[in-house]
Amino acid sequence: GSLCCDLAEENENIVCITAAMKEGTGLVDFSKKFPDRFFDVGIAEAHGTTFAAGLSTGKKIPIVAIYSTFLQRAYDQVIHDIAIQKLPVIFCLDRSGLAGEDGATHHGALDISYMRCIQGMTVTAPKDGNELRNLIATALQSGKNFSIRYPKTSSRAFNEDGKPEILEIGKWEILESGSETAIFAVGSMVGMILDSNTDLFSELGYQPTIINARFVKPLDSELILEICNNHDNILTIEEGCLSGGFGSAVSAFLHDNN
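Figured I'd write up the structure that's included with this text. (Residues numbered from 1 in each chain as written. Predicted model: local features only at pLDDT ≥ 70, side-chain atom pairs only at ≥ 80, totals over all residues. Heavy atoms only, no water.)

### So, the environment of S56
Along the chain, S56 falls in helix α3 (residues 45-57). On a C-alpha basis, the gap between S56 and A139 in space is 14 Å, while along the polypeptide they are 83 residues apart. With residues near it in sequence (within four places) discarded, S56 still touches P62, L87, P88 and V89. (Helix = DSSP H or I, 4+ residues; strand = E, 2+ residues; numbered from the N terminus. Contact = heavy atoms within 4.5 Å.)

Listed below in structure tokens is the structure:
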């Protein structure tokens, strides 16, 4: 929410849309600060998505904040109203991964798979709040339809006074250089790997290369090929279903490149 406020102050075309999830998606401050640029469409995700498409054709830049599991209700609209028309709409998918006590209806296990197969969609996952800021700023500048997934949890690292940095689309980040095994971690899993790193791997007697695979689509094909040349194993880790997920994308890429 605070990120959207900061960005909206600099760009008057930014609008935020949600579907009865103002509190859950952290947009309360935005709704008070920019009442004319905030739209809560109620429990009508499909309408909210088509509405975002309409605003986008009118030169607005919509940020659509909907829980991963509930954007499934608007899948047709994401494809027909936004992707086919190549409209620059930004989807912020809250509650991606397991949503704890919210229960089975709220787990966002499918979004990597269902966003990956949409034409022209850029699919991303930040490792922390600072990177979320960078990805939203990158999305705004890209002019593409863009999805950003993040979990229901507090951010590992967030600098309130940080300035957004524009990332190169499809470029991953090497967090630790090692040997033998490379770990490609997506979003929330980056922190988990970093936290367990020392104990987990010192027992094995080697240090893996740890990579923040913040772009699920497009993949960092250059880096993957480089890793193939100097590592024996690649381990992918993501919080979501395996079929059609990030690991599938890496597998297919490796297969296609012999």
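There's more to say after this.
### Let's talk about the sheet that holds strand β6 (residues 146-149)
What the 7 strands build is an open sheet, ordered β2-β1-β3-β4-β6-β5-β10; its pairing is mixed. In this open sheet, the two strands that pair with only one neighbour each are β2 (38-40) and β10 (215-217). Each strand of the sheet is rotated relative to its neighbour by a mean of 20°, with strand direction disregarded. Contacts between helix α7 (residues 129-142) and the sheet are confined to β1 (14-18), β3 (61-67), β4 (90-94), β5 (122-124), β6 and β10, with β6 contributing the most and set at about 170° to the helix. (Pairing = 2+ DSSP bridges. Axes fitted to C-alpha atoms, helices over the stretch in contact; angles between N-to-C directions.)

### Section: a negative patch on the surface
Residues D6, E10, E160 and D161 make up a contiguous surface patch of negative charge. The topology assignment puts E160 in the loop between β6 and β7 (173-176). (Patch = residues over 30% accessible without salt bridge, like charges linked within 9 Å, V, L, I, M, F, W, Y side chains within 5 Å. Areas by Shrake-Rupley, 256 points an atom, 1.4 Å probe, with all protein chains shown as cover. Salt bridge = Lys/Arg side-chain N within 4 Å of Asp/Glu carboxyl O. Lys, Arg positive; Asp, Glu negative; His and termini not counted. Charge placed at Lys NZ, Arg CZ, Asp CG, Glu CD.)

### Notes on the packing of aromatic side chains
Across all of its chains, the model carries 6 aromatic pairs by this definition. For the pair Y67 and F70, a centre-to-centre distance of 6.0 Å together with 20° between the ring planes defines the contact as stacked. Neither residue differs from the other here; Y67 and F70 are each classed as buried. Among the aromatic residues, ring-to-ring pairing joins W172, F184 and F246 into one connected group. The side chain of R37 reaches across the aromatic face of F34, ending 4.6 Å from its centre. (Phe/Tyr/Trp six-rings, centres within 6.5 Å; stacked < 30°, edge-to-face > 60°. Buried < 20%, exposed > 50% of the residue type's maximum accessible area, 1.4 Å probe, protein only. Lys NZ or Arg CZ within 6 Å of the ring centre and 35° of its normal.)

### Looking at the nonpolar core
One broad rule of soluble globular proteins: the nonpolar side chains tend to lie buried together. The biggest cluster of nonpolar side chains holds 71 residues, and the ones touching the most others in it are F91, W172 and F184. When near neighbours in sequence (up to four residues on either side) are disregarded, W172 contacts F184, I211, N212, A213, R214, F215, L219, D220, L223, I224 and F246. By size, the runner-up hydrophobic cluster in this structure holds 8 residues, among which are A185, F201, I210 and I237. (Core = buried A, V, L, I, M, F, W, Y, C linked by side-chain atoms within 4.5 Å.)

### Brief notes about the environment of G48
You can see G48 is positioned in helix α3. C-alpha separation for the pair G48 and I66, spaced 18 residues apart in sequence, amounts to 9.5 Å. Ignoring anything within four residues of it in the chain, the contact list for G48 reads I17 and V41.

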